[in-house]
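# An overview of the molecular structure
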Amino acid sequence: MTSTLSGQNPADSSTRDLYWFQSDLRLEDNPGLLQHAGGDALLCLYCLQDPPAWCNNSGTGQQRRRFLLESLAALNQQLEGLGQTLLVIQGDPRSIIPLLVRKYRIQRVGTSYAAGFYEAQQRSFLQRNLPIPVAVHPGNTLFDERQLPGGLAGLPDHFAGFRRMMEHQPVVPPVDLPTALAPVPKGVYRSRLPAADAIPAMAFPVRGGGLSGQQRLTSFLQGRRAVDTYKDTRNALQGEYTSSGLSPWLANGGLSVRSVAHALMDYEQTICRNESTRWLYQELLWREYFHWRERIDRKRLFAATGIARKRYLRTFEPRAYARWCPGDTDFPLVNALMRQLCAT
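Residues numbered from 1 in each chain as written. Predicted model: local features only at pLDDT ≥ 70, side-chain atom pairs only at ≥ 80, totals over all residues. Heavy atoms only, no water.

## Comments concerning the environment of Q90
Heads up, the rule is: Where helices and strands are cited, they refer to DSSP runs of H or I of at least four residues and of E of at least two residues respectively, numbered from the N terminus. A simple rule labels every residue: compare its accessible area, found with a 1.4 Å probe on the protein chains alone, to the largest value its type can have, and call it buried under 20%, exposed over 50%, or partly exposed in between.
Locating Q90 in the fold gives a position in strand β3 (residues 86-90). Residue classification places Q90 among the partly exposed residues on the basis of a relative accessible area of 44%.

Below, the structure is given as structure tokens:
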């Protein structure tokens, strides 16, 4: 679904929205998309980007890219069922979106909040430089900001305080699938998604897309009932069902974390509630905590000095780092783990 940006502006003055998908690659429980479902035309966009290079790391790993492309293809299939299509363009949204706004006379841009320093830079640039509104909708979180006692300013500095504060708060119910979407603007044509350069790896055999994520969730809960022993097995290095395995879908938004939480609660009410099921929910809270901390700490969350700005005595040895990356250290267990990471 790659496309060029050249061409004449369509001579159409109807109400037009652009929805920019980021880490919300699903139609289920996507309240941001629902806000743009009406109107006369809707352009659905995803920008393919490689992460910024650091040290000797650059580009996107083959398995991560394969999973992402599968997720985009699955999303596009869902959109096509509603008469829509997903426009996927390689490049920086700060360059792409202004061109699309001009070409298709877009009147409003919408996106869901995506955590991260570079994502914040892109949002801020578009809000400052586009001559039209840029609406940023809530992201893939369990709670609404209004549920945080004291708001963001009252967020505890440590997870334990957050857990005590939020573990009994009701999780926002997932919203329904859209039953209809505004049509594609005139002049936007379906195009093909780039082909993945890899097939699923033995250590990462899962497929991208919301349906695959839902199947994994159902299998982990009702199918294998692996959640019943999750607390005992979650730290195992191998095993198909030792952990939930939901992280890839939660990371790119193929799954809604609220849908996962409500599926777990339904399981607890109808099948089994024990220490392991509660532990899985606690780890959803762990994920949640850092999503809200990121809004306060921004890039300090990733800094070597941490959010406390405390300096630690440490050194960085480039040669040791270069050996660690491909798994060429003096420690066999470290090497085995790093080689698996490289392969997946």
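## Concerning helix α9 (residues 257-270)
Under the convention used in this document: By definition here, a helix of n residues has an expected span of 1.5 Å times n minus one. Contact definition: two residues touch when any of their heavy atoms are within 4.5 Å. What qualifies as a polar contact is a pair of N or O atoms within 3.5 Å, subject to a donor-acceptor requirement within protein and to the restriction that residues adjacent in sequence count only when both atoms come from side chains.
Compared with the 20 Å implied by 1.5 Å per residue over 14 residues, the 20 Å span of α9 between its first and last C-alpha is a close match. The complete set of buried residues in α9 reads V257, R258, S259, V260, A261, A263, L264, Y267 and E268. Buried residues belonging to α9 abut α1 (31-34), α6 (210-223), α8 (247-252) and α10 (275-297). With a side-chain oxygen lying 3.2 Å from the backbone nitrogen of R258, the N-terminal cap of α9 falls on S256.

## Describing the confidence of the model for the chain
The following threshold applies: pLDDT expresses how confident the predictor is about each individual residue, on a scale running from 0 to 100.
Residue-level pLDDT values for the chain average 91, and 95% of them are 70 or greater. A low-confidence stretch, residues 1-13 stays under pLDDT 50, and its non-local contacts, those more than four residues away or across chains, total 38 contacts.

## A word on the packing of helix α5 (residues 159-166) against α10
The line we're drawing: Note on geometry: axes are lines fitted to C-alpha atoms, helical ones only across the stretch in contact, with angles between N-to-C directions running from 0 to 180 degrees. Comment on the angle field: the value is read as roughly parallel under 35 degrees, roughly antiparallel over 145, roughly perpendicular from 65 to 115, and oblique elsewhere. By convention, the crossing between two helices is left-handed when the near helix turns anticlockwise from the far helix through less than a right angle, and right-handed when the turn is clockwise. Ten residues, namely Ala, Val, Leu, Ile, Met, Phe, Trp, Tyr, Cys and Pro, are considered nonpolar, four, namely Asp, Glu, Lys and Arg, are considered charged, and the remaining ones, Gly among them, are considered polar.
Two elements in contact, α5 and α10, have axes whose closest approach is 10 Å; the angle formed by their N-to-C orientations is 110 degrees. Relative to α10, α5 is oriented roughly perpendicular. Judged by the twist between their axes, the crossing of α5 over α10 is right-handed. Residues F159, F162 and R163 of α5 touch α10, and the partners they reach there are Q282, L285, W286, E288, Y289 and W292. Each residue belonging to the contact of α5 with α10 can be placed in one class, and the counts come to 6 nonpolar, 1 polar and 2 charged.

## A look at the packing of aromatic side chains
Selection rule: Here is the rule: rings of Phe, Tyr and Trp (six-membered ring for Trp) pair when centre to centre is within 6.5 Å. Planes less than 30 degrees apart are stacked, more than 60 are edge-to-face, and the remainder are tilted. To sit over a ring, a charge needs its Lys NZ or Arg CZ within 6 Å of the ring centre and within 35 degrees of the ring normal.
Counted under the stated rule, the structure contains 12 aromatic pairs. Ring geometry for Y289 versus F290: centroids 5.1 Å apart, planes at 70 degrees, classification edge-to-face. What makes F290 partly exposed here is its relative accessible area of 33%. Considering the side-chain rings of F316 and Y321, the 5.5 Å spacing of their centres and the 50 degrees angle between planes classify their relative orientation as tilted. Here the aromatic cluster, defined as three or more aromatic residues joined through ring pairs, consists of F159, F162, W286, Y289 and F290. Geometry around Y241 places R216 over its ring, the cationic atom sitting 4.3 Å from the centre. Positioned above the aromatic ring of W279 is the side chain of K231, whose terminal nitrogen or guanidinium carbon lies 4.5 Å from the ring centre.

## Examining the packing of α9 against α10
Between α9 and α10, the shortest axis-to-axis distance is 10 Å and the interhelical angle comes to 165 degrees. Classed by the angle they form, the pair α9 and α10 counts as roughly antiparallel. Our pair here, α9 against α10, has a crossing hand that is left-handed. Only T277, R278, L280, Y281, L284 and R287 of α10 make contact with α9, whose side of the interface consists of V257, V260, A261, L264, M265, Y267 and E268.

## What about a nonpolar patch on the surface?
This is how the line gets drawn: The patches described consist of residues with a relative accessible area above 30% and no salt bridge, like charges being joined within 9 Å and nonpolar side chains (Val, Leu, Ile, Met, Phe, Trp, Tyr) within 5 Å. The Shrake-Rupley method, run with a 1.4 Å probe, gives the accessible areas here. Residue values count only the displayed protein chains as cover. Whenever a carboxyl oxygen of Asp or Glu lies within 4 Å of a side-chain nitrogen of Lys or Arg, that contact is scored as a salt bridge.
A contiguous nonpolar surface patch, about 290 Å² in accessible area, is contributed by L237, L333 and L337. With respect to the helices and strands, the residue L237 is situated in the loop between α7 (230-233) and α8. By relative accessible area, L237 is classed as exposed at 53%.

## Let's talk about unusual backbone geometry
Positive phi outside glycine occurs at D29, with the angle close to 45 degrees. When you line up the elements, D29 lands in the loop between β1 (16-21) and α1. A residue is classified by how much of its surface remains accessible, and D29, at 1% relative accessible area, is buried. Phi at R225 takes a positive value of approximately 50 degrees, unusual for a residue other than glycine.

## Some remarks on the side chain of R66
Mapped onto the secondary structure, R66 falls in helix α2 (residues 62-80). Polar contacts involving the side chain of R66 include one to the side chain of Q63, which spans 2.7 Å. Filtering out sequence-adjacent residues up to four positions away, R66 remains in contact with A196, A198, I199, P200, A201, F204, V206 and R207.

## Looking at the sheet that holds strand β4 (residues 108-112)
The condition that has to hold: The criterion for strand pairing is that DSSP finds at least two bridges linking the strands in question.
Strand order in the open sheet made by the 5 strands is β3-β2-β1-β4-β5, with parallel pairing throughout. The strands lining the two open edges of the sheet, one partner per strand, are β3 and β5 (134-137). Pairs of neighbouring strands in the sheet enclose a mean axial angle of 25 degrees, with direction left out of account. Summarising the sheet, β4 and β5 pair through 4 bridges and their orientation is parallel. When the bridges of β5 are listed, G110 appears paired with A135. Helix-sheet contacts for α2 involve β1, β2 (41-48) and β3, and the interaxial angle to β2 is about 170 degrees. Helix α3 (residues 93-104) contacts β1, β2, β3 and β4 of the sheet and is inclined by roughly 160 degrees relative to β2.

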